[in-house]
Amino acid sequence: MTPIELYEFIRSQYPCFEVDSICQTDKYCKRVGLCTDKQGHHVIDFDELKDTYYNKVTQKPVSVDAVCVGNLQKYFCFVELKGWRNYMLHLKKQKRNIEETAKEYNLSGKLKDSQTLCIDLTSDKELFANMPVVFLLVTDIDVNKEGIENFNYNLNALASTSSDIYSECITESRRTLESEIRIQHDYVYCKDFDEHMKSL
């Protein structure tokens with residue numbers, strides 16, 4: 001099975017879970033509303049699909065937020081969203097520091113359980129034996145910036161250390177991604193998601 005065949009198969013079985021933007025799979029964005037930079041690449045809301053598939057199971061496995069195929073249809077993509085904006089805006093209320101927060105992502109568990117769900121859906125134990133896959137960690141802060149120049153929120157209480165905090169969020173997330181995910185992976189700014197998908 002090719003990446004596009006898997007995506008089309010899942011979509012045909014669960015058409016109501018395909019959404020027209022990665023933004024629609026993010027719990028925070030759903031709650032507060034989508035920004036003006038809403039992305040347009042279609043994805044399957046895998047969290048919702050998982051909850052439906054395992055609806056009678058008390059202890060549900062974990063999953064990535066979305067799955068999709070890039071524009072070139074070369075890879076089946078597992079996508080996990082992790083936001084830092086809200087964390088930074090409410091820094092004083094956080095119970096865990098940035099490093100502890102990033103370590104609790106459970107990226108490898110989400111990837112493994114998501115692959116298992118795909119195998120269950122297709123009844124193909126060899127599904128990923130030869131399929132090119134990529135894991136994308138998507139975040140709401142620009143991972144390509146070292147500072148905070150494009151972060152337009154008022155962090156007046158943190159003014160002197162905001163760029164350090166911003167950089168630490170990026171560094172710790174990237175460190176967790178590198179240490180947990182053994183397949184091809186990338187760390188992507190949510191507003192660059194559509195552009196990134198053009199190369200996959």
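So, here's what we can say about the structure. (Residues numbered from 1 in each chain as written. Predicted model: local features only at pLDDT ≥ 70, side-chain atom pairs only at ≥ 80, totals over all residues. Heavy atoms only, no water.)

**Observations regarding the overall build of the chain**
Move 1: Per the secondary structure count, the chain includes 8 helices and 6 strands.
Move 2: Going residue by residue from the N terminus, the α and β elements of the chain occur as α-β-α-β-α-β-β-α-α-α-β-α-β-α.
Move 3: When its C-alpha atoms are laid out on the principal axes, the chain stretches across 55 × 35 × 30 Å.
Move 4: The buried share among the 200 residues of the chain stands at 46%.
Move 5: Restricting to contacts in the chain with at least 6 residues of sequence separation, those with at least 24 account for 69%. (Helix = DSSP H or I, 4+ residues; strand = E, 2+ residues; numbered from the N terminus. Buried < 20%, exposed > 50% of the residue type's maximum accessible area, 1.4 Å probe, protein only. Contact = heavy atoms within 4.5 Å.)

**Structural notes on the pairing of strand 4 (residues 76-82)**
Move 1: Within strand 4, 7 of the 7 residues are buried, which leaves it mostly tucked inside the rest of the structure.
Move 2: As paired strands, strand 3 (residues 66-69) and strand 4 are joined by 4 bridges and run antiparallel to one another. Opposite alanine 66, over in strand 4, you have valine 79 as the bridge partner.
Move 3: The hairpin formed by strand 3 and strand 4 contains 6 residues between the paired strands, and glutamine 73 there has a positive phi angle of roughly 60°. (Pairing = 2+ DSSP bridges.)

**Observations regarding the side chain of aspartate 65**
Move 1: Here aspartate 65 is to be found in the loop between helix 3 (46-53) and strand 3.
Move 2: No salt bridge is formed by the buried aspartate 65; the nearest opposite charge belongs to lysine 27, separated by 4.1 Å.
Move 3: Those residues in contact with aspartate 65 that sit more than four places away from it in its chain are Thr25, Lys27, Ile44, Asp45, Phe46, Asp47, Val79, Glu80 and Leu81. (Lys, Arg positive; Asp, Glu negative; His and termini not counted. Salt bridge = Lys/Arg side-chain N within 4 Å of Asp/Glu carboxyl O.)

**Quick notes on the sheet that holds strand 2 (residues 43-45)**
Move 1: Pairing within the open sheet is mixed, and its 6 strands lie in the order 1-2-3-4-5-6. Each end of this open sheet is capped by a strand with a single partner; those strands are strand 1 (18-19) and strand 6 (185-189).
Move 2: Relative to strand 6, strand 5 (residues 133-139) runs parallel, the two sharing 5 bridges. In the sheet register, phenylalanine 135 faces strand 6, and the bridge partner there is histidine 185.
Move 3: Together, strand 2 and strand 3 form the strand contacts of helix 3, whose direction differs from that of strand 2 by roughly 40°.
Move 4: Taken strand by strand, helix 6 (residues 107-122) contacts strand 4 and strand 5, and its axis lies near 140° from that of strand 4. (Axes fitted to C-alpha atoms, helices over the stretch in contact; angles between N-to-C directions.)

**Observations regarding helix 1 (residues 3-13)**
Move 1: All of the buried residues in helix 1 are Pro3, Leu6, Tyr7 and Ile10. All buried residues of helix 1 project into a common sector of 100° when viewed along the axis, lining one side.
Move 2: Next to the buried residues of helix 1 lie strand 1, strand 2, helix 3, strand 3, strand 4 and helix 6. (Arc of directions from axis to C-beta.)

**A word on the side chain of threonine 122**
Move 1: You can see threonine 122 is positioned in helix 6.
Move 2: A residue is classified by how much of its surface remains accessible, and threonine 122, at 15% relative accessible area, is buried.
Move 3: Engagement of the side chain of threonine 122 in a polar contact is seen with the backbone oxygen of isoleucine 119, the distance being 3.3 Å. (Polar contact = N/O pair within 3.5 Å; in protein donor to acceptor, adjacent residues only side chain to side chain.)

**Brief notes about the packing of helix 1 against helix 6**
Move 1: For the pair helix 1 and helix 6, interaxial distance at closest approach is 11 Å and the crossing angle is 70°. Here helix 6 runs roughly perpendicular to helix 1, going by the angle between their axes. Every residue of helix 6 that contacts helix 1 at Leu6, Phe9 and Ile10 is listed here: Cys118, Leu121 and Thr122.
Move 2: Residues belonging to the contact of helix 1 with helix 6 are distributed by class as follows: 5 nonpolar, 1 polar and no charged. (Parallel < 35°, antiparallel > 145°, perpendicular 65-115°, else oblique. Nonpolar A, V, L, I, M, F, W, Y, C, P; charged D, E, K, R; others polar.)

**A look at the layout of surface pockets**
Move 1: Counted as a void, the largest pocket has a volume near 950 Å³.
Move 2: Taken together, 37 residues form the lining of the largest pocket, with Asp26, Tyr28, Lys82, Gly83 and Asp140 sitting closest to its centre.
Move 3: Among the elements of the structure, helix 2 (27-32), helix 3, strand 4, helix 4 (85-89) and strand 5 are those that each provide at least two residues to the lining of the largest pocket.
Move 4: Within the lining of the largest pocket, the residues separate by chemical class into 15 nonpolar, 8 polar and 14 charged. (1 Å grid on protein atoms, 1.4 Å probe; cavity = no way out; pocket = protein on both sides within 12 Å on 5 of 7 lines; lining within 4 Å. Points joined across faces, edges and corners; volume = space filled by probe spheres on them.)

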